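# Geometric and topological summary
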Amino acid sequence: MSLTQASPLLSPEEIAVRAGQQVPFLQIPKRAEVFADREMRLRQRAAAHPMRDFLIFMAEVAHAQHEVLQHYERVTLPDAAALDAASRTGMPPLPAGDWPRDPAWHAALHRMLDSLLPRLDGSPAQASVRALREMDGEQLEMQADRLLNNVMLGLDLAAAPLIAAGLQAYWTHLVIATQDARGADRLAPFGRTEDATSCPCCGSRPTASISRIEPSAGSYRYLHCSLCSMQWHMVRIKCSHCQTTKGIHYQSLQPLSADSGSVKEAIEAETCDECGHYLKIVHMERDAHVEAVADDLASVTLDLLVSEAGYRRHGVNLMLLFGDPDNPDDGGGG
């Protein structure tokens, strides 16, 4: 496999004008779809994939997340005063590092693990699930703090994806429940924040961006939150890290025998020469079934090749973390 580079078709200004006139800023996750769609895509990508066993395991995790999300117990939500204060200061109302987590997320995680265990009979992952099931609440909160604050030192890398799965279900429920509690006749609880490169709901980094197809507006780019599943709009051909529109290129994997007339890949890395960062983008117009987290996991080879070219990843995938345990600031995701 080799990297191929594509050139943008529209200028940032052209896309910005079109997007500003037609596209909604947020795409709120849907309770019945968000993890079900992820599971379906993971199983689809697992077929004949070198990482088949891992992708199937992640599909089982997504299945457990979906089941828990359908009947999540009542949790503490931000009140109107907190939402208004966040709006006035341009801060996310459900900040990942500072939000007082409701203990209900422990019980939800346990239900997920109990659902997973019988589906992993004979799998090497079964031992990790059992070990996490026996972790007490204090240990669980310490691991969650490290995970949400991007601290690799002391993080249990075997348990981290499962803890992250529980936190994803919890924060996704928080977003949906907060939106539902406000009602259609009241002000929306979420909006733009000062940092356009992080989630306007929880402040987390994106996993990838997705080029969505809007029936009445064409195709537009959204960043997909690694924690709460919210998607927020950012114009295309703009770095998701430094927000420059200069030096943006698109890299994709192509078979070595592919010719220049090949169909464009549904998964690309958007690289920035100005800051040296990149973020993957998945295109619904090229494959209607793409899903940001699933396709990011299934395209680790692209991460490796782009990293070898000198670019640093802006996003994070909480389902696959790596880093130097002696470096508390290194919390990569791939």
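Please read all numbers here as calculations on a predicted model, not as lab measurements.

Definitions and limits used
- Residue numbers run consecutively from 1 along every chain, following the written order of its sequence.
- Residues qualify for local features only when their pLDDT is at least 70, as the model is predicted, and side-chain atom pairs are given and counted only at 80 or more; totals for whole chains, interfaces and linings, by contrast, use all residues.
- Each side-chain value is worked out from all heavy atoms of the structure, with water and hydrogens disregarded.
- Going along the chain from the N terminus, every DSSP run of H or I of four or more residues is numbered as a helix, and every run of E of two or more is numbered as a strand.
- Each residue is assigned to one of three classes by its accessible area relative to the maximum for its type, calculated with a 1.4 Å probe on protein chains only: buried under 20%, partly exposed between the two thresholds, exposed over 50%.
- Where accessible areas are quoted, they stem from the Shrake-Rupley method and a 1.4 Å probe; at the residue level, only the protein chains shown are allowed to cover.
- Throughout this description, a polar contact denotes any pair of N or O atoms lying within 3.5 Å of each other; where both atoms belong to protein, one of them has to be capable of donating a hydrogen while the other can accept it, and for residues adjacent in sequence the pair is counted only when both atoms sit in side chains.
- Paired strands, in this sense, are two strands between which DSSP finds at least two bridges.
- Buried residues of nine kinds, namely Ala, Val, Leu, Ile, Met, Phe, Trp, Tyr and Cys, make up a nonpolar core once their side-chain atoms join them within 4.5 Å.
- Contacts are residue-level and defined by heavy atoms, with any inter-residue pair within 4.5 Å sufficient.
- The directions from the helix axis to the C-beta atoms are what the arc is built from.
- Only rings of Phe, Tyr and Trp enter the pairing, Trp through its six-membered ring, and a pair is recorded when the two centres are within 6.5 Å. The plane angle decides the type: under 30 degrees is stacked, over 60 is edge-to-face, the rest tilted.
- By the criterion adopted, a ring carries a charge over it if an Arg CZ or a Lys NZ lies within 6 Å of its centre and within 35 degrees of its normal.
- The working definition used for a salt bridge is a side-chain nitrogen of Lys or Arg within 4 Å of a carboxyl oxygen of Asp or Glu.
- By this rule the span expected of a helix is its residue count minus one, scaled by 1.5 Å.
- To obtain an axis, a line is fitted to C-alpha atoms, over the contacting stretch when the element is a helix, and the angle between two such axes runs from 0 to 180 degrees between their N-to-C directions.
- Oblique is the label for every angle not falling under 35 degrees (roughly parallel), over 145 degrees (roughly antiparallel), or within 65 to 115 degrees (roughly perpendicular).
- pLDDT measures how confident the predictor is about each residue, on a scale from 0 to 100.
- Crossing chirality is assigned from the near helix's rotation relative to the far helix, an anticlockwise turn below a right angle marking it left-handed and a clockwise turn marking it right-handed.
- By the convention adopted, Pro, Cys, Tyr, Trp, Phe, Met, Ile, Leu, Val and Ala count as nonpolar, Lys, Arg, Asp and Glu as charged, and the other residues, Gly among them, as polar.

So, about the overall build of the protein. Looking only at helices and strands, the protein has 10 helices and 11 strands in total. Looking at the 334 residues of the protein, the share that counts as buried comes to 52%. For the protein, the computed accessible surface area is about 15100 Å², with 52% contributed by carbon and sulfur atoms.

Turning our eyes to something else, we now look at the side chain of glutamine 143. One can find glutamine 143 in helix H7 (residues 137-148). Polar contacts involving the side chain of glutamine 143 include one to the main-chain carbonyl oxygen of glycine 154, which spans 3.0 Å.

Before going further, it helps to examine the pairing of strand S8 (residues 277-283). Note on strand geometry: in a regular strand, side chains alternate between the two faces of the sheet. Burial analysis of S8 places 7 of its 7 residues in the buried class, which makes it a mostly covered element. Of the two faces of S8, the one holding His277, Leu279, Ile281 and His283 and the one holding Tyr278, Lys280 and Val282 are both buried throughout. Between strand S7 (residues 267-272) and S8, which pair antiparallel in sequence order, lie 4 residues; one of them, glycine 276, sits at a positive phi of approximately 80°. Strand direction decides the pairing type here: S8 and strand S9 (residues 312-313), joined by 2 bridges, are parallel. Counterpart to histidine 277 in the pairing with S9 is arginine 312.

Moving on, we get to the nonpolar core. The biggest cluster of nonpolar side chains holds 68 residues, and the ones touching the most others in it are Trp105, Leu147, Leu167, Trp171, Leu227 and Cys228. Elements supplying a minimum of two residues to this core: helix H2 (34-46), helix H3 (52-70), helix H5 (104-116), helix H6 (125-133), H7, helix H8 (160-182), strand S4 (218-225) and helix H9 (292-297). Counting residues per element, this core draws most heavily on H8, which supplies 11 residues. Setting aside residues no more than four positions away along its own chain, leucine 147 makes contact with Leu155, Ala160, Ile163, Ala164, Leu167, Leu318 and Leu321.

The next thing to look at is unusual backbone geometry. For alanine 48, which is not glycine, the phi torsion reads 60° and is therefore positive. Look at alanine 48 and you get exposed, because its relative accessible area is 84%. With a phi angle near 65°, glutamine 243 is a residue other than glycine that sits in the positive phi range. Relative to the assigned elements, glutamine 243 resides in the loop between strand S5 (231-233) and strand S6 (248-254).

Within helix H10 (residues 300-308), the full set of buried residues consists of Val300, Leu302, Asp303 and Val306. Axial view of H10: buried residues confined to an arc of 155°, hence all on one face. Across H10 from its buried face, at more than 90 degrees, point the exposed residues Leu304 and Glu308. At the exit of H10 stands glycine 310, carrying a positive phi of roughly 105°.

Scanning all chains against the criterion turns up 2 aromatic pairs. Aromatic side chains tyrosine 170 and tryptophan 171 sit 5.2 Å apart centroid to centroid with 75° between the ring planes, which places their arrangement in the edge-to-face category. For the pair formed by tyrosine 170 and tryptophan 171, the shared burial category is buried. Through a chain of ring-to-ring contacts, three or more aromatic side chains come together here, namely Tyr72, Tyr170 and Trp171. Sitting over the face of the ring of phenylalanine 25, arginine 192 holds its NZ or CZ atom 4.2 Å from the ring centroid.

Looking now at the pattern of salt bridges. Per the counting criterion, the structure on display carries 18 salt bridges. For the salt bridge of aspartate 53 with arginine 52, the shortest nitrogen-to-oxygen distance reads 3.6 Å. On the basis of relative accessible area, aspartate 53 is assigned to the exposed category, the value being 61%. Among the ionic pairs, lysine 280 bridges to aspartate 296, the shortest N-O distance being 3.1 Å.

Taking 1.5 Å of rise per residue, 13 residues should cover 18 Å, and H2 covers 19 Å from first to last C-alpha, within 8% of that figure. Taken residue by residue, H2 has Val34, Phe35, Arg38, Glu39, Arg41, Leu42 and Ala46 as its buried positions. A positive backbone phi angle near 60° is found at alanine 48, which sits one or two residues after H2.

A separate point is the packing of H7 against H8. Look at H7 against H8: their axes get within 10 Å of each other, and the N-to-C directions meet at 80°. One element, H7, and the other, H8, form an angle in the roughly perpendicular class. Note on element contacts: H8 touches H7 through Ala160, Ile163, Ala164, Leu167 and Trp171, opposite Leu140, Gln143, Ala144, Leu147 and Leu148.

With that settled, consider the confidence of the model for the protein. Of the residues in the protein, 84% reach a pLDDT of 70 or more, and the chain-wide mean stands at 88. Per-residue pLDDT stays below 50 along residues 324-331; that stretch engages in 19 contacts with residues further than four places along the chain or on separate chains.

Take the packing of H5 against H8 next. Contact pair H5 / H8: the axes reach a minimum separation of 9 Å and the direction vectors enclose 125°. Judged on the interaxial angle alone, H8 and H5 are oblique. Relative to H8, H5 is oriented so that their crossing is right-handed. Across the interface between the two elements, Trp105, Leu109, Met112, Leu113 and Leu116 from H5 touch Leu162, Ile163, Ala165, Gly166, Leu167, Ala169 and Tyr170 from H8. Tallied by class, residues from the contact of H5 with H8 come to 11 nonpolar, 1 polar and no charged.

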